[in-house]
Amino acid sequence: MGGCWSGDLDAGEAATAPFRSLGTVIADVFAANPYAGWQQALDPLYPRGVHNYFRSAFLRTADDGSVRVLLDSFAALPNAMAEIHLHHLGGAVGRVPADATAFAVRDQEFLVDVIARTPAAAGFTDVVEWARGGDVRARPGRSGLRELHR
């Protein structure tokens, strides 16, 4: 789990403290950090040569149906490098007028990122198909990832 607090440092420490009790802490990286530092935090996960495909969808709510699609899709990850992120936007993000900044989509509570990755070109087509939702959508009774934004 990763997070970023933008604001008063003491308030950020209080807000992030509960995350440390969610389970076994593997690495505690909640600390004061300039925004550019936060942007670079994941750079080591994307070295030269790795093939990456990103897909995103906004969600007004993380209702039972959307969460079920995410869980089913997570259970079908095509490899250990594939990822699904659910970002909570809401709060302060939604209180800024849509035309106030370059980020205009402020009426959605969540953003889902689906990341398909392979260490080289081999197998990349298959993980891209998974990210596009075909793998999940092909099974009876399941919805595809691209249906999350509905």
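All values derive from a computational prediction rather than experimental measurement.

Draft legend 1. Geometry of the overall build of the protein. Within the protein one finds 5 helices and 3 strands. Mapped in sequence order, the helices and strands of the protein form the string α-α-β-α-β-β-α-α. By the burial criterion, 26% of the 150 residues in the protein qualify as buried. Pairs at least 24 residues apart make up 65% of the contacts formed inside the protein by residues separated by at least 6 positions.

Draft legend 2. Focus on the packing of aromatic side chains. Overall, the coordinates contain 2 aromatic pairs when judged by the stated rule. Centroid distance Tyr-46 to Phe-54: 6.0 Å. Interplanar angle 35 degrees. Geometry classified as tilted. Residue classification places Tyr-46 among the partly exposed positions, given a relative accessible area of 25%. With a centroid separation of 6.4 Å and an interplanar angle of 55 degrees, the aromatic rings of Phe-58 and Phe-103 are classed as tilted. Of this pair, Phe-58 sits in strand 1 (residues 51–59) while Phe-103 sits in the loop between strand 2 (83–88) and strand 3 (110–118), and the two are 45 residues apart along the sequence. By relative accessible area, which is 26% here, Phe-58 ends up partly exposed. The exposure class of Phe-103 is partly exposed, given its relative accessible area of 35%. The lysine or arginine in question, Arg-117, covers the ring of Tyr-46, its NZ or CZ lying 4.2 Å from the ring centre.

Draft legend 3. View of the nonpolar core. In terms of nonpolar packing, the biggest core is built from 15 residues, with Tyr-53, Val-112, Ala-116, Trp-130 and Ala-131 touching the most fellow members. Contributions of two or more residues to this core are made by strand 1, strand 3 and helix 4 (124–131). Of all the elements, helix 4 adds the most residues to this core, at 5 residues. For Tyr-53, the contacting residues outside a window of four places in its chain are Val-114, Ile-115, Ala-116, Phe-124, Val-128, Ala-131 and Arg-132.

Draft legend 4. Highlighting the side chain of Thr-16. Mapping Thr-16 onto the fold places it in helix 1 (residues 9–16). Relative accessible area serves as the criterion here: at 9%, Thr-16 is assigned to the buried category.

Draft legend 5. How the structure looks around a nonpolar patch on the surface. A grouping of Met-1, Phe-19 and Leu-22 is seen on the molecular surface, where their side chains present a nonpolar patch of about 380 Å² in accessible area. Counting through the fold element by element, Leu-22 comes out in the loop between helix 1 and helix 2 (35–40).

Draft legend 6. Structural view of helix 4. Of all the positions in helix 4, only Phe-124, Val-127, Val-128, Trp-130 and Ala-131 are classed as buried. Down the axis of helix 4, the smallest arc covering the buried residues is 155 degrees, so these residues share one side. Turned more than 90 degrees off the buried face of helix 4, the exposed positions are Thr-125 and Asp-126. Of the residues trailing helix 4, Gly-133 is marked for its positive phi of about 95 degrees.

Rules and cut-offs
Residues numbered from 1 in each chain as written. Predicted model: local features only at pLDDT ≥ 70, side-chain atom pairs only at ≥ 80, totals over all residues. Heavy atoms only, no water. Helix = DSSP H or I, 4+ residues; strand = E, 2+ residues; numbered from the N terminus. Buried < 20%, exposed > 50% of the residue type's maximum accessible area, 1.4 Å probe, protein only. Contact = heavy atoms within 4.5 Å. Phe/Tyr/Trp six-rings, centres within 6.5 Å; stacked < 30°, edge-to-face > 60°. Lys NZ or Arg CZ within 6 Å of the ring centre and 35° of its normal. Core = buried A, V, L, I, M, F, W, Y, C linked by side-chain atoms within 4.5 Å. Patch = residues over 30% accessible without salt bridge, like charges linked within 9 Å, V, L, I, M, F, W, Y side chains within 5 Å. Areas by Shrake-Rupley, 256 points an atom, 1.4 Å probe, with all protein chains shown as cover. Salt bridge = Lys/Arg side-chain N within 4 Å of Asp/Glu carboxyl O. Arc of directions from axis to C-beta.

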